[in-house]
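Spelled out, the chains give:
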Amino acid sequence: MALLNFKKKAAAAEKIVTPEVEAFLGGYSIEVMPRTAQKVDDFRDLLPAGTRVYIAHIEGTPIEDMVSTAKRIANEGFDVMPHFPARIIKDQATLENWISMYQGEAGVKQALLLAGGVAKPHGDFHSSMQLLETGLFDKAGFTNLNVAGHPEPNLDIDPNGGRANTYEALDWKQEFSKRTDAQMALATQFCFEAQPVIDWVNELSERGMNLPVHIGIAGPAKLQTMIKFAIACGVGPSLKVLQKRAKDVTKLLLPHEPTEVIADLAAHKAANPDFNIQKVHFFPLGGIKTNANWAIENGGASAKPVNS
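Residues numbered from 1 in each chain as written. Predicted model: local features only at pLDDT ≥ 70, side-chain atom pairs only at ≥ 80, totals over all residues. Heavy atoms only, no water.

What's the story with the packing of aromatic side chains in this structure? I'm lost.
In total, this model carries nine aromatic pairs according to the counting rule given. Measuring from ring centre to ring centre gives 6.3 Å for phenylalanine 84 and tryptophan 98, while their planes differ by 45 degrees; the resulting arrangement is tilted. Linking phenylalanine 84 in strand β3 (residues 79–85) with tryptophan 98 in helix α5 (residues 92–106), this pair joins segments that are 14 residues apart in sequence. Both residues of the pair, phenylalanine 84 and tryptophan 98, belong to the buried class. Here the aromatic residues Phe84, Trp98, Tyr102, Phe137 and Phe142 are joined through ring pairs into a cluster of three or more. Over the aromatic face of tryptophan 172 sits the side chain of arginine 179, whose NZ or CZ is 5.5 Å from the ring centroid. (Phe/Tyr/Trp six-rings, centres within 6.5 Å; stacked < 30°, edge-to-face > 60°. Helix = DSSP H or I, 4+ residues; strand = E, 2+ residues; numbered from the N terminus. Buried < 20%, exposed > 50% of the residue type's maximum accessible area, 1.4 Å probe, protein only. Lys NZ or Arg CZ within 6 Å of the ring centre and 35° of its normal.)

Written as structure tokens, this is what we have:
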């Protein structure tokens, strides 16, 4: 155990924050759920002022818990962006009520719209496009409407593989962005390898899709935890990075950190300023505190936590 602790301290001491990584992590966002947010005494101890905090809405979570979490985090000085999963929203009246509750209690003006990981819709909606088409978010004056992006093929959207349905939906969202006053962006699923992300973002640009990309990155977590979440979320080709690491027994003792994928993407962005990744979005699979501390240690705290 002493040797393991020494290795951890030595690794930490060797970390060098590069200007490229610091710039790439600037303005990063992070995702929480009501139950995970409860484990944090005060987000001001962990996050730079004004950090966007997504609030994931998992099936079965009461809307009251979502709203109270949004209110608490907003009161601590952060921009909250709750999920609106289409397949668990019964009808337009329910959607209108959710929007009213979020705005009345927490002043919410931002939302991530997505289909949601539910096989059978609970009611009238099955896609984020249907939510956008209601016009309720524009009517309520939302300033930011993010939608989901998938750097790797998603079998829920394209059961036969490929990207035909995915790109059809992205084309629709690109056109919708021209008729809404809200700023739109793609918030993506997490990946573990830079090159597939680079290829995908470049392909989007070649197709004329210019919605800013907020790339999903899995925060530090035990390797077993990372693999479990990756399989559950449908992460595809880049999963091989974790599987290769899992073959090295010595690495099973240490958390998997996103250092390499962040460094590679940051270097590519620095060399190609027009590369359309604009923000990093963290999925804190190993815990919010662990992820927030990793971001601070690796250059994501040019704006210091509020209470520091």
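After that view of the structure, there is still more to cover.
What exactly am I supposed to notice about the confidence of the model for the chain here?
Do not read the fine detail of predicted coordinates wherever pLDDT is low. Residues at a pLDDT of 70 or more form 82% of the chain, whose mean pLDDT is 87. Under a pLDDT of 50 for its full length, residues 1–14 has, in the predicted model, two contacts with residues more than four places off or in other chains. (pLDDT = per-residue confidence, 0-100. Contact = heavy atoms within 4.5 Å.)

What should I look at first to understand the side chain of glutamate 31 in this one?
Examined against the element boundaries, glutamate 31 turns out to sit in strand β1 (residues 29–32). Salt bridges are absent for the buried glutamate 31, whose nearest opposite-charge side chain, arginine 35, sits at 10.0 Å. Within polar-contact distance, the side chain of glutamate 31 engages the side chain of histidine 83 at 3.2 Å. For glutamate 31, the contacting residues outside a window of four places in its chain are Tyr54, Ala56, His83, His281, Phe282, Phe283 and Pro284. (Lys, Arg positive; Asp, Glu negative; His and termini not counted. Salt bridge = Lys/Arg side-chain N within 4 Å of Asp/Glu carboxyl O. Polar contact = N/O pair within 3.5 Å; in protein donor to acceptor, adjacent residues only side chain to side chain.)

Any chance you could explain the pattern of salt bridges here in plain terms?
Opposite charge on two side chains permits pairing when their charged atoms draw close. Counted by the stated rule, this structure contains five salt bridges. With a closest N to O distance of 3.0 Å, glutamate 175 and lysine 178 form a salt bridge.

Teacher, can you tell me more about the sheet that holds strand β2 (residues 52–55) here?
The pairing of strands in a sheet comes from backbone hydrogen bonds and takes either a parallel or an antiparallel form. Strand order in this closed barrel of eight strands is β1-β2-β3-β4-β5-β6-β7-β8, and the pairing throughout is parallel. Ignoring strand direction, the axes of neighbouring strands in this sheet form an average angle of 30 degrees. Looking at chain direction, strand β4 (residues 110–114) and strand β5 (residues 144–149) are connected through four bridges and run parallel. Looking across to β5, one finds that alanine 111 is bridged to leucine 145. Relative to the sheet, helix α4 (residues 63–75) contacts β1, β2 and β3, its axis offset from that of β2 by approximately 170 degrees. The sheet contacts of helix α13 (residues 288–297) involve β1 and β8 (277–283), and relative to β8 the element is tilted by about 145 degrees. (Pairing = 2+ DSSP bridges. Axes fitted to C-alpha atoms, helices over the stretch in contact; angles between N-to-C directions.)

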